[in-house]
Structures are given as structure tokens and as C-alpha cells.
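One-letter residues, chain by chain:
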Amino acid sequence: MDPHHLKAGSETHYEDPGYYDQAYRRRREDVRFYVARVRSELGKRPKPVLELGVGTGRVALALAREGIPVVGVDAMQPMLDRFAERLEREPKSVRSKVTLVRGDLERVDLGETFRVVTAPFHVLNHCYSREQMADALGTVRRHLTGRGRFLFDVRVPNPDELRRDPDKVYKGRDVTLPSTGRRYHYRERWDYDTVSQIQTVEMAFVGVDDPTDFHMQLLTHRCWYPAELGALLHYEGFRVLQRWGDFEGEPLDESHDTQVYLCR
Ligand SMILES: C[S@@+](CC[C@H](N)C(=O)[O-])C[C@H]1O[C@@H](n2cnc3c(N)ncnc32)[C@H](O)[C@@H]1O
């Protein structure tokens, strides 16, 4: 797979954080889950949590509001800037709970350990090869205390999506982009490479009033099959304590499109 394609697929979707927040504003159940689970892992004394791929702070801000300190790492400066802007509107007691670090989760070394490390909302779908996933898990190991926990979710590969005809264009609802305030027709094209197991979604925004006002976002995800991921976690030294298929605590089965892991 062309590295330029993967770079664009890891970045362009995160270059417009205002749209990111708008697109995922209804995604709340995972936030509630992460807050509850982190609280129960930490017990009474809230110790700092490390979030890899912290983005605009969807989950981290909710933790900070609960009084839990968070160190958030992300590769994309626009996402971190947006999180910093959101923090400016918070009371000092919340702002002081968050530390933001720009870095690559496959390499970052903060020189400290955490009782809980998280990677919410498909962050590890951006690790495209076994080696990259091993590096990311190495980062987790480096930052976990001896009895620490790693909590994350990735997608379950969906055979219907993987079979989609790459020449077909799927129409979505028109959107208003917060960055321009203008209205756009929204179109998607889906492609899947069966060898690398990488899925690409091309998202096109075409101006309703001006079709020359056109731009694209690319999102690439590595499909991690549950058994494959279980083996990788095992050989990278993790023990899976729980594996759920949603954020309500249901064990993973074939009806689910999410896999959620609690590991040590
Ligand atoms: C789907 S977002 C999830 C953000 C946040 N955790 C949430 O729940 O909304 C994925 C995030 O992972 C970040 N990311 C992807 N690859 C990364 C890498 N190698 N190192 C650090 N951050 C990365 C992206 O910039 C993006 O902010």
C-alpha cells in the first residue's frame, strides 16, 4: 500500500476538527463507557490516565470534568488546537487536569507510567501493519505500571462494507461545514485491499451553490480481525481480561461492529 495514501488516510479526516466534532457529536455511549470504566479501574484516588490519539478531547474532556487528570497524545496539531480551545472555555479546575502532547503513538516516550492507558474510538485502526501495531503496543507497555490496564476499541471488519463496489458512489446527507458555514453535497466511495486488509473511505464535499468548491477527505483503516488481534495482544505480552462487542458490556459476538478490550 502506497505510504502517501496511508499518510493522507491518517491525516485528512483530522484536518478539520470542527467537522470532526460535528460528525461525531451523537457518539456519546463510548464516552460514558470510558469514564465509568476508567473510574472503576482507578478507584477512589484519581491518578493520571494516558490517552493515545486524544483528538479534540471527546473522551478526555469528560474524564477531566470528573476530576481525573489526563495526558493526551495526538499526531495532529489541528485536533490538539481544537482541544486546547475547548479547554479555554472550562473552569481552571478542569483545564489544569489536561496535558496535551503532540507525538506519534508508535514512538512517543513520556518517561512516566500510568495506571490506565486508553485509545478510544478506532485509534489503533490507524496502525496499518503488524510492525506498527507492535510499536503501538510497545508504547502502551512502556507507559503502564506493573498492574496497569489498557482499554481500547477498534472496529470489527464488516463483510458488507468490504464487498462494496469501489466504482460506486454512495450519497450521504448534505452537510454544512463549520469551517466555511457553506452547504455541501456529501459523497463516499469505499475500497478494500484484501492483502493489506486496509479499507479506504473517500469522502467528497461538493459545494451546493458552487460545485468548484470541492474537497476530499481520505480515511484509511487497517481491519483487525478479532482472532488476529487476540494473537497479537498475546504475543506482545498483554492478557485480555475482558472483550466486549459494544459499550454496554455485551460480550463480543457476530452481531457487533465494535471490539472493546480491557487488557493488562
Ligand atoms: C477517530 S480519532 C479518535 C480521537 C479521540 N480518541 C476520540 O475518541 O474522539 C483518531 C485520532 O487518532 C490520532 N492518530 C492517528 N494515528 C496516530 C498516531 N500514529 N499517533 C498519534 N495520534 C494518531 C488522529 O490524529 C485522531 O485524532
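Relevant structure appears above.
Calculation rules
- Residues numbered from 1 in each chain as written.
- Predicted model: local features only at pLDDT ≥ 70, side-chain atom pairs only at ≥ 80, totals over all residues.
- Near = placed C-beta within 6 Å.
- Nonpolar A, V, L, I, M, F, W, Y, C, P; charged D, E, K, R; others polar.
- Core = buried A, V, L, I, M, F, W, Y, C linked by C-beta atoms within 7 Å.
- Buried ≥ 20, exposed ≤ 12 C-beta atoms within 10 Å, placed from the backbone.
- Helix = DSSP H or I, 4+ residues; strand = E, 2+ residues; numbered from the N terminus.
- Contact = placed C-beta atoms within 7 Å.
- Expected span 1.5 Å × (residues − 1).
- Arc of directions from axis to C-beta.
- Pairing = 2+ DSSP bridges.

A.B. asks: An account of the site of the ligand is requested, with residue identities and associated values reported.
C.D. replies: In the vicinity of the ligand, 20 residues are found, and the nearest of them are Gly 53, Gly 55, Arg 58, Ala 75 and Phe 121. Of the residues assigned to the shell around the ligand, the class counts are 11 nonpolar, five polar and four charged.

A.B. asks: Please set out the nonpolar core residue by residue, giving values where relevant.
C.D. replies: Formed by 48 residues in total, the largest nonpolar core has its most connected members in Val 49, Ala 60, Leu 63, Val 70, Val 117, Leu 124 and Phe 152. If one sorts the elements of this core by residue count, strand β5 (residues 144-155) sits on top with five residues. Beyond its immediate stretch of four places on either side in the chain, Val 70 contacts Pro 48, Val 49, Glu 51, Ala 60, Leu 63, Ala 64, Lys 97 and Val 98.

A.B. asks: Residues and numbers for helix α7 (residues 130-143), please.
C.D. replies: Counted at 1.5 Å a residue, the expected span for α7 with its 14 residues is 20 Å, and the 20 Å between its end C-alpha atoms agrees. Burial in α7 covers these residues: Met 133, Ala 136, Leu 137, Thr 139, Val 140 and His 143. Take α7 and look down its axis: the buried residues cluster within an arc of 145 degrees, on one side only. As for α7, its buried residues are in contact with β1 (49-52), β4 (114-119), β5 and α9 (226-235).

A.B. asks: Tell me what's going on with the environment of Ala 23, and back it up with residues and numbers.
C.D. replies: Take Ala 23: it is sitting in helix α2 (residues 17-23). Distance from Ala 23 to Leu 177, taken between C-alpha atoms, is 9.8 Å for residues 154 residues apart in sequence.

A.B. asks: How would you sum up the pairing of β5? Please name residues and give values.
C.D. replies: Of the pairings in the sheet, the one linking β4 to β5 comprises five bridges and is parallel in character. Within β5, the residue paired with Val 117 across the bridge is Phe 150. Strand direction decides the pairing type here: β5 and strand β12 (residues 258-263), joined by six bridges, are antiparallel. In the sheet register, Phe 152 faces β12, and the bridge partner there is Tyr 261.

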